[in-house]
Amino acid sequence: KDEGVTMEQMLAAVRVDKKMGAAVLGYGVVGNARQRVRCLVETPGFELVCVVVSDPGDAEDARRDLKEMECGAGVKPLESLGAVLRDGGVQVVAVCTPMEERVGHVRAALDVGGKVIVCEAPIAKDAADTTRLFDYARASSQTVLCPLP
């Protein structure tokens, strides 16, 4: 039985010389954002820079959880996504938004370039959208990782 590869396994396999800054997009009930945040906070070699949210309730949840984890990462509104993606201190982008938003967020990160992009599964609503997104990533010589549960 193929059990897939988790984000934790992916991060554990990455060898880094210096800490890589990470941003997590999304923090609602959809996806595994809380698990991804905890993983990035606890995995050596990574530093959570911020969590980007669209809902004020999610922002409060993220602030509370980050405080409990003793993590100094900030919480930013979705309107700041472009600035977060252009931030030189962010090398890893974890897309944990609702499925219908993921393709747009991954494309935005690909358009900025130079980021390791990790996206929740399923990455898109159907195989055709997924294929187009991965073709777009390949054309820009970038990689999008999609851990499986």
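Everything below is about the structure printed above this text.
Each chain carries its own residue numbering, running from 1 in the direction its sequence is written. Local features in this predicted model are restricted to residues of pLDDT 70 or higher, and side-chain atom pairs are both shown and tallied only at a pLDDT of 80 or more, whereas totals for entire chains, interfaces and linings draw on every residue. Hydrogens and waters are ignored; side-chain quantities use all the structure's heavy atoms.

As for helix α2 (residues 33-42)
Using the following cut-off: Relative accessibility thresholds used throughout: buried, under 20% of the residue-type maximum; exposed, over 50%; partly exposed, between the two (1.4 Å probe, protein chains only). A helix here means a DSSP run of H or I that spans at least four residues, while a strand means a run of E at least two residues long, and both kinds are numbered starting from the N terminus. By definition, the arc is the one covered by directions from the helix axis to the C-beta atoms.
Residues of α2 that are buried include every one of A33, R36, V37, C39 and L40, and no others. Viewed along the axis of α2, the buried residues span an arc of 165 degrees, placing them on a single side of the element.

Description of the pairing of strand β1 (residues 20-25)
For the record, the criterion: For two strands to be treated as a pair, DSSP must find at least two bridges joining them.
With respect to burial, β1 is a largely interior element, 6 of its 6 residues being buried. Residues M20, A22 and V24 line one face of β1 and the alternating positions G21, A23 and L25 line the opposite face, and both faces are buried. By the bridge criterion, 6 bridges tie β1 to strand β2 (residues 46-53) in an arrangement that is parallel. In the strand pairing of β2, V24 is matched with V51. Pairing between β1 and strand β4 (residues 92-95): 4 bridges, direction parallel. Bridge pairing in β4 places L25 opposite V95.

Some details on the packing of aromatic side chains
When we look at a pair of aromatic rings, we describe it by the centre distance and by the angle of the planes. For the record, the criterion: In this analysis, rings of Phe, Tyr and Trp, with Trp reduced to its six-membered ring, are considered paired at centre separations within 6.5 Å, and the interplanar angle assigns stacked below 30 degrees, edge-to-face beyond 60, and tilted for intermediate values. A ring is scored as having a charge over it whenever the NZ atom of a lysine or the CZ atom of an arginine sits within 6 Å of its centre and within 35 degrees of its normal.
Across all of its chains, the model carries 0 aromatic pairs by this definition. In this arrangement the basic side chain of R107 is found over the ring face of Y136, its NZ or CZ atom lying 3.6 Å from the centre.

Observations concerning the pairing of β2
The following threshold applies: Seen with the strands pointing away from the viewer, any crossover whose path from the first strand over the helix to the second strand runs clockwise is right-handed.
In terms of burial, β2 is a largely internal element, 6 of the 8 residues being buried. Both β2 and strand β3 (residues 74-77) contribute to a ladder of 4 bridges, which runs parallel. In the sheet register, V53 faces β3, and the bridge partner there is P77. Handedness of the β2-helix α3 (residues 56-68)-β3 crossover: right-handed.

In short, the description is geometric, and any link to function would need to be established separately.
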